[in-house]
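Geometric and topological summary
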Amino acid sequence: MTRVLSVASECVPLVKTGGLADVVGALPAAMAQLGYEMRALIPGYRSVMKQVKTSKAVVAFDDLFGGPARVVAAKVAGLNLLVLDAPHLFDRAGSPYLDDSGADWEDNAERFAALSYAAAHIAQNGADGWQPDIVHGHDWQAGFVPEFMHRLADGQPTAPFVFTVHNIAFHGNCAADRRAALLLDEGRFNADHFEFWGQISALKAGLTGAQRITTVSQTYAEELMTPEFGMGMDGVLRARRGDLSGIVNGIDLDVWNSETDAEITPYKTPRGKAANKAALQAEFGLGQSDGPLCVLVSRLTEQKGIDLLIKAVPTLLGRGGQLALLGSGAAQLEVALHALAAQNENVAVKIGYDEALAHRMIAGGDAILVPSRFEPCGLTQLYGLRYGTVPLVALTGGLADTVINASPAALAKNAATGVQFFPITAEALSNAFTRLCDLYHAPRTWGVLQRNAMKQPVGWETSAKAYGQLYSDLTQG
Ligand code: ADP
Ligand code: GLC
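What you are looking at is a predicted structure, and each value in this text was computed from that prediction instead of being measured. (Residues numbered from 1 in each chain as written. Chains lettered and ligands numbered in written order. Predicted model: local features only at pLDDT ≥ 70, side-chain atom pairs only at ≥ 80, totals over all residues. Heavy atoms only, no water.)

1. Observations concerning the overall build of the protein chain
Along the protein chain, the regular secondary structure elements total 19 helices and 18 strands. Scaling as 2.2 N^0.38, a compact globule of 477 residues should have a C-alpha radius of gyration of about 23 Å, and the protein chain matches this with 23 Å. Dimensions of the protein chain along its principal axes, counting C-alpha atoms only, are 65 × 45 × 45 Å. Counting contacts in the protein chain only where the partners sit at least 6 residues apart, residues at least 24 apart contribute 71% of the total. Put simply, the protein chain shows about 18,900 Å² of open surface, and 51% of that area lies on carbon and sulfur atoms. The average position of the 38 basic charges and that of the 48 acidic charges among the side chains of the protein chain differ by 7 Å. (Helix = DSSP H or I, 4+ residues; strand = E, 2+ residues; numbered from the N terminus. Rg over C-alpha atoms; globule rule 2.2 N^0.38 Å. Contact = heavy atoms within 4.5 Å. Areas by Shrake-Rupley, 256 points an atom, 1.4 Å probe, with all protein chains shown as cover. Lys, Arg positive; Asp, Glu negative; His and termini not counted. Charge placed at Lys NZ, Arg CZ, Asp CG, Glu CD.)

2. Some points on the packing of helix α4 (residues 108-125) against helix α5 (residues 145-152)
Put simply, α4 and α5 touch, their axes get as near as 8 Å, and they point 45° apart. Considering the angle they form, α4 stands oblique to α5. α5 is crossed by α4, and the crossing has right-handed handedness. Taking contact as the criterion, the partners of Ala113, Ser116, Tyr117, Ala119, Ala120, His121, Ala123 and Gln124 in α4 are, on α5, Val145, Phe148, Met149 and Leu152. For the contact of α4 with α5, the per-class residue count stands at nine nonpolar, three polar and no charged. (Axes fitted to C-alpha atoms, helices over the stretch in contact; angles between N-to-C directions. Parallel < 35°, antiparallel > 145°, perpendicular 65-115°, else oblique. Left-handed = near helix turned anticlockwise from the far one by under 90°. Nonpolar A, V, L, I, M, F, W, Y, C, P; charged D, E, K, R; others polar.)

3. Observations concerning the environment of Ala21
Along the polypeptide, Ala21 turns up in helix α1 (residues 19-32). Assessed through its relative accessible area of 0%, Ala21 is described here as buried. Residues Ala21 and Ser9, spaced 12 residues apart in sequence, show a C-alpha to C-alpha distance of 8.0 Å. Non-local contacts of Ala21, meaning those with residues more than four positions away in its chain, are made with Glu10, Cys11, Val12, Val15 and Lys16. (Buried < 20%, exposed > 50% of the residue type's maximum accessible area, 1.4 Å probe, protein only.)

4. Some thoughts on the site of ligand 1
Of all residues adjacent to ligand 1, which total 20 residues, the nearest are Gly19, Arg299, Lys304, Gly352 and Tyr383. In this structure, Arg299 approaches ligand 1 through a side-chain N or O atom, which is 2.7 Å from an oxygen atom. Between an oxygen atom of ligand 1 and a side-chain N or O atom of Tyr383, the distance comes to 2.7 Å. Relative to its unbound accessible area of 560 Å², ligand 1 is 92% covered by the protein chains. Those elements that place two or more of their residues in the shell around ligand 1 are α1, β13 (293-300), β14 (322-329) and α14 (380-386). Per-element accounting of the shell around ligand 1 gives the leading share, three residues, to β13. Here the shell around ligand 1 is built from residues that sort into five nonpolar, eight polar and seven charged. There are two domains that each give the shell around ligand 1 at least three residues, and those are domain 1 (2-250 + 461-476) and domain 2 (270-455). (Near = heavy atom within 4 Å. Polar contact = N/O pair within 3.5 Å; in protein donor to acceptor, adjacent residues only side chain to side chain. Domains from an automatic or database assignment.)

See the structure below:
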């Protein structure tokens, strides 16, 4: 059985700030179906250690970037985990990445270098007899893994390294003078390895050191090689074009199942959404209305196009539509959204993070909005598809790959599942609201859209096979 060590900074259900956690938490079970034994190595944040009830130390370090540390093997919610218990780095209150003031922890480079070092140590020496055939790192937090594999194996690492980019916006950069402290190889501080415009870049270390690079949709794989989306790494990725591929994310069909979801009035067909819509309107303090109830569940950042939504939403409201939004993030966006809700009785906003409410929203909404400026994959449009909640999305990244726009041709072929807009501007979004409302007011067409949406295969099956193929290409040749 092929053993895969997955290395990441988040994993559902233990720690989550975004979709990365869902993917890392879901992949082991999906890969197990295909005969792969995948174990995830994650940081032992304070909140994670609290959830690790029984554990066994399988690796010990006297001094890992400033203090003693160990890797413990633990089973939580059916997942076989390896947890890096390094109190000097991870035993802190608050966010995995940010201190109380909202700034990056100043030792983030050391914290995730430690995670990467522990992964490389396990690749080289095993953990209690378990040695991976493949190491699969996610995002910059695992970027130094190939550097440390190289170092610990004297330049001859045995296991191949696969690197998945979930979001190229985060580089994990730090000042060049930290390279000795980070145990990085002086001779590799150059543009072919981990140097990026005079700084150290964990992301670049991963991109240059991996045998294969994947990202979470085919369109994003293409976009990454362009200056517009590559965020400075497009040249590095163009140079690795032959090793780069896109594998779209799936969702957990047990968690997102409208027939068994304990948060909602369960339903099998779109008709069953009505009770959930009424409940959601009541929960958000919205009245009845003629138009579609649009929902949005998101981190509130520049990426997510919330400012475009604020500009375009009058078109939706003018057609009798409503907006219910759940999110948290940038303070100025939170303020702007509160103001929008205060001015419009058909807009309601909840600031916070609430998984259960997300389920009620996706069940109760008529449409789900994802107006992102860029979106490597995106998960909420997939939840929407599965729940018959028509996605209205920007034409970018995974949103382009997972939604079929209701063009006349797609409608005629009975293939359409949602509405896409391009260019990614407030004006195009406003036009998309008009199209959405037209479709909504044509009940037969709307019903077709909902049913098409619910039929889309959004689970992990196909993508797990694609990862399996990639792993076997690497181990067999
Ligand atoms: P990203 O990883 O860029 O944030 P994704 O769409 O891939 O975007 O994943 C976001 C995940 O986080 C989804 O599972 C979404 O439901 C969840 N999420 C985001 N914000 C919230 C929130 N405020 N409350 C509950 N869930 C949220
Ligand atoms: C990132 C991306 C998102 C993707 C998620 C999981 O956070 O922003 O589009 O779905 O990772 O891969």
